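Residue-level structure breakdown
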Amino acid sequence: MVSLSANISKVRDRIAAAAQRAGRDPSEITLVAVTKTHSAEVVRAAAEAGLRDFGENRIEEAAPKIAAVGRGDVHWHMIGHVQSRKALPVARAGFALVHSVDSLKLAGRLSRYATETGRVQPILLECNLSGEVAKEGFAAWGGPARWETLLPEWEKIRTLSGVRLHGLMTMAPIVPESEAARPVFQRLRELRDYLRAQLPLAGGNWRELSMGMTDDFEAAIAEGATIVRIGRAIFGERG
Ligand SMILES: *Cc1c(COP(=O)(O)O)cnc(C)c1O
C-alpha cells in the first residue's frame, strides 16, 4: 500500500499547488476518490491512508461496497448517471451527495424515496456544457438564453422537500491537453453565478462545483472546483 499513500500525497500536493496558483485555500476543495471497479478492500486501505470521500458510478456496484465498508467515517458519492427507475436503491444507499441529477423526474423520485427513509438527499445538478451528444446532464451549453429555458425545471427541483440542492457538476470532453477543458469549467462557474442571482438557495447558495478528474483537475481548480473526482491518479489504470 506504499504506492497508494504515495499516490494520495502526490494528488494532494497537486491540488494544493493548483489552489495556490489560483489564490485559493486548498481546504475548500474536497477530494473524492473514485473507486469504481475497485474492491471494498481497496476502499478500506484508502480510508486507512486518510481518504474520507469515495465516488461510485453504478448503484449495483456501489450498494454492496457501501454495505461492506460502511458509512461510519466515510462519505459516499454517486457520480454516475442514474436512470430514474433506479432512484429507489440510490435513495436508500445513503449517499452523502448525488452529483448526477439530470432531470426533474429523477429529482422527484429521489425526493419521494429519501423522504420515505426519513432523509433529505443532498444533490448536485449535472450539466452538459460542451454540447457533446453522448454526454448526460441538463443541456446547458450556449449561455444565459439557454439557461433561462431550464430555470422552470430547476425551480421545481428547488421546491422538492426530500432533496437539497448544493451546486453543479460537469464532465469535460476528453481533450489532449487539460487546458483545453478549461472553458467548460469556466462556463460551469458562470452558470453557478447565474443561478446564485436567478434561483438563490438558502445556505451555501450553489456553493459546490464538482468538476475535474485525473486528466484535468488542475484546470478545474483554476476555475473554482470545490470537489474533484479522481480515480486513476490514486488507484492506477482500471483493469
Ligand atoms: C470514472 C469517473 C471519474 C474519475 O476518472 P479518472 O479519470 O479515473 O480520474 C470522475 N467522474 C466520473 C463521473 C467518473 O465516472
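Procedures and definitions
Residues numbered from 1 in each chain as written. Predicted model: local features only at pLDDT ≥ 70, side-chain atom pairs only at ≥ 80, totals over all residues. Heavy atoms only, no water. Helix = DSSP H or I, 4+ residues; strand = E, 2+ residues; numbered from the N terminus. Rg over C-alpha atoms; globule rule 2.2 N^0.38 Å. Buried < 20%, exposed > 50% of the residue type's maximum accessible area, 1.4 Å probe, protein only. Contact = heavy atoms within 4.5 Å. Axes fitted to C-alpha atoms, helices over the stretch in contact; angles between N-to-C directions. Parallel < 35°, antiparallel > 145°, perpendicular 65-115°, else oblique. Left-handed = near helix turned anticlockwise from the far one by under 90°. Nonpolar A, V, L, I, M, F, W, Y, C, P; charged D, E, K, R; others polar. Lys, Arg positive; Asp, Glu negative; His and termini not counted. Salt bridge = Lys/Arg side-chain N within 4 Å of Asp/Glu carboxyl O. Expected span 1.5 Å × (residues − 1). Pairing = 2+ DSSP bridges. Near = heavy atom within 4 Å. Polar contact = N/O pair within 3.5 Å; in protein donor to acceptor, adjacent residues only side chain to side chain. Areas by Shrake-Rupley, 256 points an atom, 1.4 Å probe, with all protein chains shown as cover. Right-handed = clockwise from strand over helix to strand, strands pointing away.

Of regular secondary structure, the protein chain possesses 9 helices and 9 strands. Taking 18 Å as the expected radius of gyration for a compact globule of 239 residues, we find that the protein chain reaches 17 Å, a close match to that expectation. Relative to its 239 residues, the protein chain shows a buried fraction of 49%. Contacts spanning at least 24 positions in sequence make up 58% of the contacts within the protein chain whose residues lie at least 6 apart.

Moving on: helix H2 (residues 40-48). Listing the buried residues of H2 in full gives Ala40, Val43, Ala45, Ala46 and Ala47. Once H2 ends, the next one or two residues include Gly50, with phi positive near 110 degrees.

On to the environment of Ser161. Along the chain, Ser161 falls in the loop between helix H6 (144-159) and strand S7 (163-169). Distance from Ser161 to Arg192, taken between C-alpha atoms, is 21 Å for residues 31 residues apart in sequence. Not counting chain neighbours up to four residues away, the residues in contact with Ser161 comprise Ser111 and Val120.

Looking now at the packing of H6 against helix H7 (residues 182-198). For the pair H6 and H7, the least separation of the axes is 11 Å and the interaxial angle reads 55 degrees. The orientation of H6 relative to H7 falls into the category oblique. The element H6 and its partner H7 pack so that their crossing is right-handed. Here H6 contributes Pro144, Trp147, Glu148, Leu151 and Trp154 to the contact with H7, which in turn contributes Arg187, Glu190, Leu191, Tyr194, Leu195 and Gln198. A class-by-class count of the residues in the contact of H6 with H7 yields 7 nonpolar, 1 polar and 3 charged.

Okay, the side chain of Arg229 next. By the secondary structure assignment, Arg229 is in strand S9 (residues 227-230). Despite being buried, Arg229 has no salt bridge partner; Asp216 is the closest side chain of opposite charge, sitting 6.9 Å away. Leaving out residues up to four positions away in the same chain, Arg229 has contacts with Val32, Val34, Ile79, His99, Met169, Thr170, Met171, Ser210, Met211, Gly212, Met213 and Thr214.

Another point: helix H5 (residues 104-116). In this model, H5 (13 residues) spans 18 Å end to end at C-alpha, consistent with the 18 Å of a helix rising 1.5 Å per residue. Where H5 is concerned, the buried positions are Leu106, Ala107, Leu110, Ser111, Tyr113 and Ala114. Along its buried surface, H5 packs onto helix H4 (87-92), strand S4 (97-101), strand S5 (121-128), H6 and S7. Following H5 by one or two positions, Gly118 has its phi on the positive side, about 75 degrees.

Moving on: the pairing of S7. Within S7, 5 of the 7 residues are buried, leaving the element largely enclosed by the surrounding structure. Bridging between S5 and S7 involves 6 bridges; their strand directions are parallel. Along S7, the bridge assignment pairs Ile123 with Leu165. In this sheet, strand S8 (residues 208-210) lies alongside S7 in parallel orientation, the contact comprising 3 bridges. Bridging from a neighbouring strand, Gly167 pairs with Glu208 of S8.

Moving on to the site of the ligand. Around the ligand, a shell composed of Val34, Lys36, Ile79, Met171, Met213, Thr214, Arg229, Ile230, Gly231, Arg232 and Arg238 is seen. In the model, an oxygen atom of the ligand is placed 2.8 Å from a nitrogen or oxygen of the Gly231 main chain. Contact with the protein chains covers 94% of the free accessible surface of the ligand, which is 390 Å². Across the shell around the ligand, the residue classes tally to 5 nonpolar, 2 polar and 4 charged.

The buried fraction of strand S1 (residues 30-34) is high, at 4 of 5 residues. Examined bridge by bridge, S1 and S9 share 4 bridges and lie parallel to one another. Within S9, the residue paired with Val32 across the bridge is Arg229. In terms of handedness, the path from S1 via H2 over to strand S2 (residues 53-56) forms a crossover that is right-handed.

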